[in-house]
Amino acid sequence: MVISVKDSTPQPTRLADYQPYPFRIEKTDLTFRLDPKATRVLSRIRFHPNPARPGRHDLRMDGERLRLIAARIDGAPVTARPDETGLTIPADALPDGAFDFEAEVEIDPSANTALEGLYMSGGMYCTQCEAEGFRRITFYPDRPDVMAPFHVRIESDMPVLLSNGNPVAQGEGWAEWDDPWPKPSYLFALVAGDLVAVRDSFTTRSGRKVDLAIWVRAGDEDRCAYAMDSLKRAMKWDEDVYGREYDLDVFNIVAVDDFNMGAMENKGLNIFNSKLVLASPETATDADFERIESVIAHEYFHNWTGNRITCRDWFQLCLKEGLTVFRDQEFTKDMRSAPVKRIEDVLMLRARQFREDMGPLAHPVRPESYIEINNFYTATVYEKGAELIGMLKLLVGDEGYRRALDLYFERHDGQAATIEDWLKVFEDATGRDLAQFKRWYTDAGTPRLKVEEDWQPGDQGGTYTLTFTQHTPPTPGQDEKPPRVIPIAVGLLNPNGDEILPTTVLEMTEERQSFSFPGLATRPVPSILRGFSAPVVLERESSFDERTFLLAHDTDPFNRWEAGRSLARDVLLSMIRDDAAPSEPHAQALARLVTDDTLDPAFRALCLRLPSEDDLAQALADAGTTPEPERIHTVREGLATYLARQLQKDLVRIYEEMETPPPYSPDAASAGRRALRLAALGYLNRIDHGARAASLFASADNMTESAAALACLIDGGRGAREIAAFYERWKDNRLVIDKWFALQVAHAQPDMAAQVAARLAEHPDFEWKNPNRFRALMGALAANHAGFHHISGAAYRFYADWLIRLDPVNPQTTARMSAAFETWTRYDAERRAMIRAELGRIRQTPDLSRDTFEMVSRILA
Ligand code: LYS
C-alpha cells in the first residue's frame, strides 16, 4: 500500500524576520500581449540598491506558475532558472548601482481558476493581486514595501483596455496607462473585455474634474446608478470629513462575476464582485443596497488609507483594513442612521469576530506569523481592527483624532507604514502614551469584563461605585494576557428614568479598578458600555426589572437595544436549559418598544430580531453547557411563535402600517419601514399559515419583499410553487439565482438541510467554480445552524466533500469556507468526533493547498 505523505510542510512567515528589500524600484514598465491561453508579459524594472540594506545582494524575485522566455540585465541576456517560488540572479551577475531587469514570461489566464493573478471571467480578462497574486503575472518583488510608478501597455483585440492611473495613449488593439503614484504590486490591475461604461464625473474641492466610469457587460448598465451615486457621496465625504481629495483624472470601477472576495482597491481601477455593484429594486434587497454603498465607499477610501499610505508587510494588514472599515462605518452612519448602523456592526462583530476570537482560529489584530496570508483577511483584522480605531478615537477625543489623522497623512504619504508608525502619530499628536493600548493589536482574545456595584448612602448624598475586573482567556500561542486599557462609556439614570450622568468614558487600565460617583440623591441605574465602547464581553448579573427599565428609558440607543437583546437571550437560555416557559413580561416589554411610534422603524426591527441559534450555542458553551442544536432550534422557534401570538394585534397593525408606497426607493427611511414590516411578517408567518407571505410574494415589486416572503414560505415548509416561479422569472440573472440557491438551503428544516443542499448541488445552474454560487449554497448550509449540525452528520460530510473538490480549483475560497468548522469544540462528543473525522479527511487529501492545510490544521490544533 502506498501512503501519500506531504513531503514539505508549508513553512510560516514571521513578523520578527522582516527585512527591507535590498533594492528600490525607480520605474516598472509592463507590456501585456493578451491571449486566453498564452499571454505574454514583458517587464522592464529599473532597480537601485537600497541604502537600508548595505552590501551586495542577490536579486530575488517572486514568481509562480510562470514560463520564463527570456531575461536580460541592462540589455544583456542572463541565464536564470526559476524555482517553484521565484527567480534569483546572483549578486555577482549584477552591475554596481542601478540596472534594468527585463523579462518575458508566458502565462495561461484561461487555466487560472484560483482567481489570483490574471484570469478570465465571463470572457473578459481581469486581475486580483492582493495579497500575492502579482507573482503569477511576472517576476517581481511582490511585497507591499516595494513601491514604484507603473507604465502599462496592453495589446489585445478586446474593445476596452484598462489599467491603473491615467490613460496616456491608445490605438487600434492597444492602450497605454501611466500611474504616477508609486504603488506596490498588489495594487496593480488590468482589465480587458467587451464592456460598456456608465459615466459620470466629480469635481474635487480644488477643482480637479475626475471622469468616473463603472464598467459592466452590456445589459447591466441600468443596474449601476446606486453604485455611482454612492461613489460620488463617498468622494465628497472623504473631502469633508478627512480632508482627502482624489488624485487622478479618472476613477474606474469594473464589475466581474468571478471574484473571491468583495472588491479590490487597485489604484484608479477598483475591481468589484458584481454583486457589490449591480442593483435594481427588482433584483437587489435593501441589505444589498446598503452593502453596495459601504463597499464602494470602502474601496474608494482605500485610495488614501491603503494606497497613498500602504502597509510595510502583510502583518500590518489592519493598518489599512481596520482603518478603512472604520471609515466606511462612519460614512454609513452619516448617510443613514448612526445607532442602527452601530447595532448592525456589533451584531456582525459578535457573530463573526467574537466567534473567531473564542475558537482555534483566534489571532491578534496584527498577527505574528502566517503560512498563507489570504487566510488572514478575517473578521479580526477587519472588524476588530475597526473597533480599535473607534477606541483610539474615544480615548483621544474627536479633536485629537483629527489631528492624529492629519499628521498620519502628512508624515507617511507615499510610504509603507506599520502599526508602530500609526500609534506614534497618535502619541505625537496628542501627547498620550499608547504602550498599553498596543496590546489590543498584539494580543488575541476577547476580554471579559465583570462588573460589581456598590451603593453607600450618606448625608451629602450617596456614593455609587462600579468595580470592573478584566480577564482575557488564553488563545492559541498566547497564555498570558496582561490587562489592556479599556474605554468604558457609562451613563447613570435615576429611578424615574432621567439621566443624571451623561455618557462618560471611564479609562480602565488595571486588572481590577473602581470608579465612584459621589453626591447622588438615590441609587442610580447604570448603563454600561454605551455604544459598545470596547469589543469585550460584559459579564454582569442584572435583574429582569433593570433590563426592562433600560429597555424603556436608556438614552443611549445601543444600550437600549442591548437591554432587549440580553432579555431575549436570557429568556431563551432558561427555556433551553431549564425548560422554563416564555416570559410574559418580556413579551410586554417588547410590545411596548415595537409599538412606540417615536422610535425609528429600523431600530424597532432590530429589537424584534431574536439572537441567532449560533449566538445561543456560543452563549451556552460560554456558560459551560453543551449546546444541542435541535433543542436550540425548537426552543427559539417556540419563543417566536409565542411572541407572534402575544403580539399578534400589534404585529398586524405594524405589518399594515409599514407598507411602503411604490415606487420602491432604497433610502434608509423606506428600508427601515420595510425591515420592520418584514420582521412583523416573520412572526405572523408562524400563525397565519403563510397567508401573508404568499400574498406578498405574489404582489411584491421589489426583491427585498419577494425574498423575505419566499424565505417565510420555505420556513413554513411551503412555497414549492413560488420557488419554481422565482426560478423561472430570474433564471438569467446570476445574482438573483444565487439568492434562490441560498434561500432554499438557509431556510430548510434542520433534518432536510443536507438533502436540500445535495439536491441543489445537482442542479445544472450550480456552477460551483463560481465563488458566489459556491458560497450561496455552501455558505447557506453552514449558516443553517441546526441543519449543519444535524446529528446524522450528513451536512458535515457533504460540506467536507465539496471543500475537497473545490480545493484544487480555488484554494482561497476553500480555505475561507473551512472556517465553518471553527466552533466544533463547543459540541457533544458525537458531533466532535464526526467533525474531527471530516477535518482529518480534508487534511489528508493529497496535494491539499497550503491555504486549506493551514486552516484545517489550526482548527484541529
Ligand atoms: N483589500 C480588499 C478589501 O477591500 C480585499 C482584498 C482581498 C485579498 N485576498 O477588503
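Keep in mind it's a predicted model, so treat the numbers as computed, not measured.

A. Representation of the overall build of the protein chain within the structure. Regarding its fold elements, the protein chain presents 26 helices and 30 strands. Against the compact-globule benchmark of 29 Å for 861 residues, the protein chain has a radius of gyration of 28 Å, which places it among compact chains. Along the longest, intermediate and shortest principal axes, the C-alpha atoms of the protein chain span 85 × 70 × 70 Å. Sorting the 861 residues of the protein chain into buried and exposed places 62% on the buried side. A sequence separation of at least 24 residues applies to 71% of the contacts in the protein chain between residues at least 6 apart. Total accessible area on the protein chain stands at roughly 33,000 Å², and carbon and sulfur atoms take up 49% of it. Between the centroid of the 102 positive side chains of the protein chain and the centroid of its 133 negative side chains there is a distance of 1 Å.

B. Seen up close, the nonpolar core. In terms of nonpolar packing, the biggest core is built from 188 residues, with Phe 101, Trp 422 and Phe 437 touching the most fellow members. With 15 residues, helix H5 (residues 379-412) is the largest single contributor of residues to this core. Setting aside anything within four residues of it in sequence, one finds Phe 437 in contact with Leu 388, Met 391, Leu 392, Leu 395, Leu 423 and Val 485. The next biggest cluster of nonpolar side chains, apart from the first, holds 101 residues, and it includes Tyr 727, Trp 740, Trp 768 and Ala 820.

C. Region of interest: the packing of aromatic side chains. Going through the model one piece at a time under the given rule, you end up with 48 aromatic pairs. For the pair Tyr 408 and Trp 422, a centre-to-centre distance of 5.0 Å together with 85 degrees between the ring planes defines the contact as edge-to-face. Highlighted residues: Tyr 408 in helix H5 and Trp 422 in helix H6 (residues 419-430), separated in sequence by 14 residues. Residue Trp 422 is classed as buried on the basis of its relative accessible area, which comes to 2%.

D. Broad picture of a negative patch on the surface. A contiguous patch of negative charge on the surface is contributed by Glu 221, Asp 222, Glu 282 and Asp 701. Here Glu 221 shows up in the loop between strand S17 (209-216) and helix H1 (225-242).

E. Examining the site of the ligand more closely. Lining the immediate surroundings of the ligand are 15 residues, of which Glu 130, Glu 265, Glu 299, Glu 321 and Tyr 382 lie closest. Separating a nitrogen atom of the ligand from a side-chain N or O atom of Glu 265 is a distance of 2.7 Å. Residue His 298 places a side-chain N or O atom 3.3 Å away from an oxygen atom belonging to the ligand. Expressed as a share of its isolated accessible area of 310 Å², the protein-covered part of the ligand is 96%. Where the shell around the ligand is concerned, the elements lending two or more residues are strand S19 (263-264), helix H2 (286-301) and helix H3 (317-335). Each residue belonging to the shell around the ligand can be placed in one class, and the counts come to five nonpolar, five polar and five charged.

F. Geometry of the sheet that holds strand S24 (residues 448-456). The strand order across the open sheet built from four strands is S28-S25-S24-S30, with neighbouring strands paired in mixed fashion. This sheet does not close on itself; its edge strands, each paired only once, are strand S28 (512-520) and strand S30 (537-539). For this sheet, the mean inter-axis angle between neighbouring strands, taken without regard to orientation, is 25 degrees. Where S24 and S30 come together, three bridges link them in parallel fashion. When the sheet's bridge partners are listed, Leu 449 is paired in S30 with Leu 538.

G. Expanded view of empty space enclosed by the protein. Within this structure, the stated rule accounts for three cavities of 30 Å³ or more. Looking at the largest cavity, its volume works out to about 110 Å³. Along its surface, the largest cavity is lined by 14 residues, and Gly 564, Ala 568, Leu 590, Cys 607 and Arg 609 are the ones closest to its centre. Counting only elements with at least two residues in the lining of the largest cavity, the list comes to helix H9 (557-578), helix H10 (584-594) and helix H11 (601-608). For the lining of the largest cavity, the element with the most residues is H9, which contributes four residues.

H. Representation of a positive patch on the surface in the model. Judged by side-chain charge, Lys 275, Arg 291, Arg 352 and Arg 816 come together as a positively charged surface patch. As for its position among the elements, Arg 291 is in helix H2.

I. A look at the side chain of Arg 547. Within the fold, Arg 547 resides in helix H8 (residues 544-553). Leave out the neighbours within four places in its chain, and Arg 547 touches Arg 540, Ser 542, Ala 563, Ser 566, Leu 567 and Asp 570.

J. The pattern of salt bridges, seen in detail. Summed over the entire model, instances satisfying the criterion amount to 84 salt bridges. The network of salt bridges with common partners includes Arg 217, Asp 257, Arg 734, Asp 738, Glu 767 and Arg 773.

K. A look at the environment of Thr 380. Of note, Thr 380 is situated in helix H5. Taking C-alpha positions, Thr 380 is 8.9 Å from Gly 322, a pair spaced 58 residues apart along the chain. For Thr 380, the contacting residues outside a window of four places in its chain are Gln 353, Glu 356, His 363, Pro 364, Val 365 and Gly 385. Within the structure, the side chain of Thr 380 is placed 2.5 Å from the side chain of Glu 356, a separation counted as a polar contact.

L. The arrangement of the confidence of the model for the protein chain in detail. For the protein chain, per-residue confidence averages 97 on the pLDDT scale, and 99% of positions sit at 70 or higher. Throughout residues 1-7 the model reports pLDDT below 50, and contacts reaching past four residues in sequence, or to other chains, amount to four contacts. Scored as a whole, the predicted complex attains pTM 0.98, and scored at its interfaces, ipTM 0.96.

M. Structural detail: the sheet that holds strand S26 (residues 486-493). Spatially, S27-S26-S29 is the arrangement adopted by the three strands of the open sheet, whose pairing is antiparallel. Unpaired on one side and paired on the other, strand S27 (499-508) and strand S29 (525-528) mark the two borders of the sheet. Across the sheet, the mean angle separating the axes of adjacent strands is 25 degrees when strand polarity is ignored.

N. How the structure looks around helix H17 (residues 703-715). With 13 residues, H17 ought to run about 18 Å at 1.5 Å a step, and its terminal C-alpha atoms sit 18 Å apart, in line with that. Within H17 the residues assigned to the buried category are Met 703, Thr 704, Glu 705, Ser 706, Ala 707, Ala 709, Leu 710, Ala 711, Cys 712, Leu 713 and Ile 714. Those residues of H17 hidden inside the fold are in contact with H2, helix H15 (668-684), helix H16 (691-699), helix H18 (720-730) and helix H19 (734-746). Where H17 begins, the capping side chain belongs to Asn 702, and its oxygen is found 3.2 Å from the backbone nitrogen of Thr 704.

O. Expanded view of the pairing of strand S9 (residues 117-121). Summarising burial for S9: four of the five residues are buried, a large majority. In the sheet, S9 pairs with strand S10 (residues 124-128) via five bridges, with the strands oriented antiparallel. In the sheet register, Ser 121 faces S10, and the bridge partner there is Met 124. Taking the residues between adjacent antiparallel strands as the criterion, S9 and S10 are bridged by two residues, where Gly 122 takes a positive phi near 55 degrees.

P. Summary view of the pairing of S24. Pairing between S24 and strand S25 (residues 462-471): nine bridges, direction antiparallel. Looking across to S25, one finds that Leu 449 is bridged to Gln 470. Connecting the antiparallel pair S24 and S25 is a turn made up of five residues, with Gly 461 showing a positive phi of about 100 degrees.

Q. View of the packing of H15 against H17. Packing of H15 against H17 brings their axes to within 10 Å, and their N-to-C directions diverge by 15 degrees. With respect to each other, H15 and H17 are oriented roughly parallel. In the packing of H15 onto H17, the handedness of the crossing is right-handed. Here Arg 674, Arg 677, Leu 678, Leu 681 and Gly 682 of H15 come into contact with H17, specifically with Thr 704, Glu 705, Ala 708, Ala 709 and Cys 712. For the contact of H15 with H17, the residue count by class is five nonpolar, two polar and three charged.

R. Molecular detail of the side chain of Thr 446. Tracing the sequence through the fold places Thr 446 in the loop between helix H7 (439-442) and S24. For Thr 446, a relative accessible area of 4% puts it in the buried group. Of the polar contacts made by the side chain of Thr 446, one reaches the side chain of Asp 357; its length is 3.0 Å. Apart from residues no more than four positions distant in its own chain, Thr 446 is found in contact with Gln 353, Phe 354, Asp 357, Met 358, His 471, Thr 472, Pro 473, Pro 535, Val 536 and Val 537.

Procedures and definitions
Residues numbered from 1 in each chain as written. Predicted model: local features only at pLDDT ≥ 70, side-chain atom pairs only at ≥ 80, totals over all residues. Heavy atoms only, no water. Helix = DSSP H or I, 4+ residues; strand = E, 2+ residues; numbered from the N terminus. Rg over C-alpha atoms; globule rule 2.2 N^0.38 Å. Buried < 20%, exposed > 50% of the residue type's maximum accessible area, 1.4 Å probe, protein only. Contact = heavy atoms within 4.5 Å. Areas by Shrake-Rupley, 256 points an atom, 1.4 Å probe, with all protein chains shown as cover. Lys, Arg positive; Asp, Glu negative; His and termini not counted. Charge placed at Lys NZ, Arg CZ, Asp CG, Glu CD. Core = buried A, V, L, I, M, F, W, Y, C linked by side-chain atoms within 4.5 Å. Phe/Tyr/Trp six-rings, centres within 6.5 Å; stacked < 30°, edge-to-face > 60°. Patch = residues over 30% accessible without salt bridge, like charges linked within 9 Å, V, L, I, M, F, W, Y side chains within 5 Å. Salt bridge = Lys/Arg side-chain N within 4 Å of Asp/Glu carboxyl O. Near = heavy atom within 4 Å. Polar contact = N/O pair within 3.5 Å; in protein donor to acceptor, adjacent residues only side chain to side chain. Nonpolar A, V, L, I, M, F, W, Y, C, P; charged D, E, K, R; others polar. Pairing = 2+ DSSP bridges. Axes fitted to C-alpha atoms, helices over the stretch in contact; angles between N-to-C directions. 1 Å grid on protein atoms, 1.4 Å probe; cavity = no way out; pocket = protein on both sides within 12 Å on 5 of 7 lines; lining within 4 Å. Points joined across faces, edges and corners; volume = space filled by probe spheres on them. pLDDT = per-residue confidence, 0-100. Expected span 1.5 Å × (residues − 1). Parallel < 35°, antiparallel > 145°, perpendicular 65-115°, else oblique. Left-handed = near helix turned anticlockwise from the far one by under 90°.

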